[in-house]
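Read off the chains here:
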Amino acid sequence: MKRFLLALLSSFALAVPAFAIVGGPWDGNIPGNPNPVNPSDVNGTYQGTIKGKNLAGVMRFSSTDSGQVIISSTTTRVDWAPDRLHYTTVDVVTTKTLSATGFATFFFEGKSGQATLDTAIDLGGRKLAGVINGAASRSLPVTLERPFDGFQWTLTDNAYFNGAFSAKFSSWASNSFSGKGSLVVTKFDYIGFWQDLVLNPATANPRDHIVTFQPMTIKVKGVKTSDSLAAFTPPDFTASLPVINP
């Protein structure tokens, strides 16, 4: 019996190093990850998730300002030459580098939106912190009407938010992190507007119901995926409040 146990333990000792090749400290705990991750190097790319009430999204950020965000629209350039009597117009798309270290894409109340992230990472202290700024369009333009006099407004139903989060890294080798934060959301309050119409049918105005709500708790979770700083180009991004016309 003793010989059998000794042989069994010896086989485990030989098998462990082989299995440690995948899931070890140099692959970000992602089986088969082709990008080795050095747990002592803060530089790199990080990915994770954001969750909150009626909010779910994914985020990507780096340890330096390496992102490109498209913030300008198409312009027109006119070319000409002495031997030509006509003009040639060429569409030119320009970009501007922002200080944001990352971005997020998310669903909020059933609609998609984007956000920018600015993060600070302290790998030695096993902590990170970030601020987030974003917006989502909750619906197509909506027509609001005051039945008393038939006056109408057009609502561009955006939801704007900003906030912050902090997280802690787990064991040194894993480079995974998790934490919490909060977002302050500004959006149009439909319920408040309908109640106002009942109480003040002649004077209710939807502009009085663009409301900043109590902070919403969010949870973040993620992992360092690479030591490289890959530049990112998220979709066109405009963080705007609800707009009511006229």
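A brief structural summary. (Residues numbered from 1 in each chain as written. Predicted model: local features only at pLDDT ≥ 70, side-chain atom pairs only at ≥ 80, totals over all residues. Heavy atoms only, no water.)

**Quick look at the pattern of salt bridges**
Consideration 1: A complete count under the given rule lists five salt bridges for this structure.
Consideration 2: A salt bridge links Glu-109 to Arg-138, with the nearest nitrogen and oxygen atoms 2.9 Å apart. Taken together, the residues Glu-109 in the loop between β5 (102-108) and β6 (111-122) and Arg-138 in the loop between β7 (127-137) and β8 (142-146) connect sequence positions 29 residues apart.
Consideration 3: Accessibility expressed as a relative area gives 29% for Glu-109, which makes it partly exposed.
Consideration 4: Look at Arg-138 and you get buried, because its relative accessible area is 12%.
Consideration 5: Three or more residues joined by partner-sharing salt bridges are found here, namely Glu-109, Arg-138, Asp-157 and Lys-187. (Salt bridge = Lys/Arg side-chain N within 4 Å of Asp/Glu carboxyl O. Helix = DSSP H or I, 4+ residues; strand = E, 2+ residues; numbered from the N terminus. Buried < 20%, exposed > 50% of the residue type's maximum accessible area, 1.4 Å probe, protein only.)

**Things to note about the sheet that holds strand β9 (residues 151-156)**
Consideration 1: The three strands are arranged β8-β9-β14 in an open sheet whose pairing can be described as antiparallel. Each edge of the open sheet carries a strand with a single partner, namely β8 and β14 (243-245). Strand-to-strand twist in this sheet, taken as the mean axis angle between neighbours without regard to direction, amounts to 30 degrees.
Consideration 2: Of the pairings in the sheet, the one linking β8 to β9 comprises five bridges and is antiparallel in character. Each bridged residue has a counterpart across the sheet, and for Leu-144 the counterpart in β9 is Trp-153.
Consideration 3: On the sheet, helix α2 (residues 190-199) packs against β8 and β9 and is oriented at approximately 20 degrees with respect to β8. (Pairing = 2+ DSSP bridges. Axes fitted to C-alpha atoms, helices over the stretch in contact; angles between N-to-C directions. Contact = heavy atoms within 4.5 Å.)

**Section: a positive patch on the surface**
Consideration 1: Side chains of Lys-51, Lys-180, Lys-219 and Lys-221 sit close together on the surface and give a patch of like positive charge.
Consideration 2: Topologically, Lys-51 is positioned in strand β1 (residues 45-52). (Patch = residues over 30% accessible without salt bridge, like charges linked within 9 Å, V, L, I, M, F, W, Y side chains within 5 Å. Areas by Shrake-Rupley, 256 points an atom, 1.4 Å probe, with all protein chains shown as cover. Lys, Arg positive; Asp, Glu negative; His and termini not counted. Charge placed at Lys NZ, Arg CZ, Asp CG, Glu CD.)

**Examining the pairing of β9**
Consideration 1: Hairpin remark: β8 followed by β9, antiparallel, with four residues in the connecting loop; positive phi at Gly-150, about 75 degrees.
Consideration 2: As paired strands, β9 and β14 are joined by three bridges and run antiparallel to one another. Among the inter-strand pairings, Thr-156 is bridged to a residue of β14, identified as Val-243.

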